[in-house]
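Spelled out, the chains give:
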Amino acid sequence: MVLRGAAPRWHSDESWRNETPLGSILYCRVAPSYGGDTVFADMESAYEGLSVELKEKLDTLYAIHDHLVHRRGMVRRGVSQQQIERYRQEWPEVKHPVVRTHPVSGRKSLYVNIDFTSRIEGVSAEESEELLHSIYRLADTPAYQCRFRWQPNSIAFWDNRSVQHCGVADYGDQQRVMERVTVAGLKPE
């Protein structure tokens, strides 16, 4: 998949799928002369930084992930409601644990993201929104971050099961052209 531009919000790729990607590989074809970095957030460390009480609460909760962002884009592009409904039926919302256990390391990480997580099940709408926003903000913590500066032909491969990322859209009208490969994974546990 060729990507132009940057995804400027923290996210895990394709968490709206029932079986989510193991990882993603990004290859830089064209890099801007400044800016356009990708920042990664370690959501295992973010989980470890939580209080014991909050960990215990989040360990029992499930979140609903949806492809809503893309459907909204379809509306903006003038796609018919019939096509959007077919798309929604093809990709219905899915339920994943808020705290995911890595299948290799056994470490726990937070698995919600602002683009694809619509709510937490089993709590009020207000509590869901409060919990989600407090988790989303953790990715902004510099101690959990790593910043990658792109150059033509550079490659990044990250574990989508425990890392969120965002592209920094600070390069003006310059081009940033990437190719992405998504590596198949399993249903989060």
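Here the residue numbering is sequential within each chain, running from 1 through the sequence in written order. For this predicted model, a pLDDT threshold of at least 70 governs which residues receive local features, and a threshold of 80 or more governs which side-chain atom pairs are given and counted, while totals over whole chains, interfaces and linings are taken from all residues. Only heavy atoms go into the side-chain values, all of them from the structure, while hydrogens and water stay out.

**Q** Which parts of the structure should I look at to understand the nonpolar core?
**A** The nonpolar side chains of soluble globular proteins are, as a tendency, buried together. Nonpolar cores are built from buried Ala, Val, Leu, Ile, Met, Phe, Trp, Tyr and Cys residues. Side-chain atoms within 4.5 Å join them into one set. Remark: exposure states derive from per-residue accessible area (1.4 Å probe, protein chains only) relative to the maximum for the residue type, with buried under 20%, exposed over 50%, and partly exposed in between. In this structure, Leu58, Val98, Leu110, Val112 and Ile120 are the most contacted members of the largest nonpolar core, which totals 24 residues. The set of elements that each furnish at least two residues to this core consists of β3 (38-42), α1 (43-48) and α5 (125-138). Counting from the N terminus, the helices are the DSSP runs of H or I reaching at least four residues and the strands are the DSSP runs of E reaching at least two. No other element matches the five residues that α5 contributes to this core. Contacts between residues were defined by any pair of non-hydrogen atoms, one from each residue, lying within 4.5 Å. Once residues within four sequence positions are removed from consideration, Val112 is found in contact with Ala63, His65, Val98, Thr117, Leu132, Ile135, Tyr136 and Gln164.

**Q** Sorry, what's going on with the packing of helix α3 (residues 68-76) against helix α4 (residues 81-90) here?
**A** Two measures define how a pair of helices packs: the angle their axes make with one another and the distance between the axes. Two elements in contact, α3 and α4, have axes separated by 10 Å at closest approach and are oriented at 165°. As judged from the angle between their axes, α3 and α4 are roughly antiparallel. At the point where α3 passes α4, the crossing takes the right-handed sense. Each of His70, Arg71, Met74 and Val75 in α3 lies in contact with α4, whose residues at this interface are Gln81, Gln83, Ile84, Tyr87 and Arg88. Taken together, the residues of the contact of α3 with α4 sort by class into four nonpolar, three polar and two charged. The axes are straight lines fitted to the C-alpha atoms, using for helices just the contacting stretch, and the angles between their N-to-C directions are given from 0 to 180°. Should an angle fall under 35 degrees it is called roughly parallel, over 145 degrees roughly antiparallel, and 65 to 115 degrees roughly perpendicular, with every other angle called oblique. Whether a crossing is left-handed or right-handed is set by the direction in which the near helix is turned from the far one by less than a right angle, anticlockwise for left-handed and clockwise for right-handed. Gly falls in the polar group here, along with every residue not listed as nonpolar (Ala, Val, Leu, Ile, Met, Phe, Trp, Tyr, Cys, Pro) or charged (Asp, Glu, Lys, Arg).

**Q** For this particular structure, what's the right way to read the packing of aromatic side chains?
**A** Any Phe, Tyr or Trp ring, taking Trp's six-membered ring, that has another such ring centre within 6.5 Å forms a pair; planes under 30 degrees apart are called stacked, those over 60 apart edge-to-face, and the others tilted. In total, this model carries three aromatic pairs according to the counting rule given. With 4.9 Å between their ring centres and 85° between their planes, Trp16 and Trp91 make a pair best called edge-to-face. Residue Trp16 is found in the loop between β1 (2-4) and β2 (23-30), and its partner Trp91 is found in the loop between α4 and β5 (94-97); the two are separated by 75 residues along the sequence. Classification of Trp91 as partly exposed rests on a relative accessible area of 23%. Taking 5.1 Å as the distance between ring centres and 55° as the angle between the ring planes, the aromatic pair formed by Phe40 and Trp158 counts as tilted. Here the residue Phe40 occupies a position in strand β3, and Trp158 occupies one in strand β10 (residues 155-159), the gap between them amounting to 118 residues. Each member of the pair, Phe40 as well as Trp158, carries the same accessibility label: buried. One cation-aromatic arrangement involves Lys55 over Tyr47; the distance from NZ or CZ to the ring centre is 5.3 Å. Its end group placed over the ring of Tyr62, Lys95 keeps NZ or CZ at 5.2 Å from the ring centre. Note on criteria: charge over ring means Lys NZ or Arg CZ within 6 Å of the ring centre, with the direction from the centre no more than 35 degrees off the ring normal.

**Q** Got a minute to help me understand the side chain of His65 in this structure?
**A** For His65, the position within the fold is in strand β4 (residues 62-65). Taking the relative accessible area as the measure of exposure, His65 reaches 0% and is therefore buried. Polar contacts, as used here, are pairs of N or O atoms within 3.5 Å; protein pairs need one atom able to donate a hydrogen and one able to accept it. Residues neighboring in sequence count only if both atoms are side-chain atoms. Within the structure, the side chain of His65 is placed 3.5 Å from the backbone oxygen of Tyr111, a separation counted as a polar contact. If near-sequence neighbours (up to four positions away) are discounted, His65 is found in contact with Ser15, Trp16, Glu93, Val94, His96, Tyr111, Val112, Asn113, Phe116 and Thr117.

Purely spatial values, then, with no claim about function.
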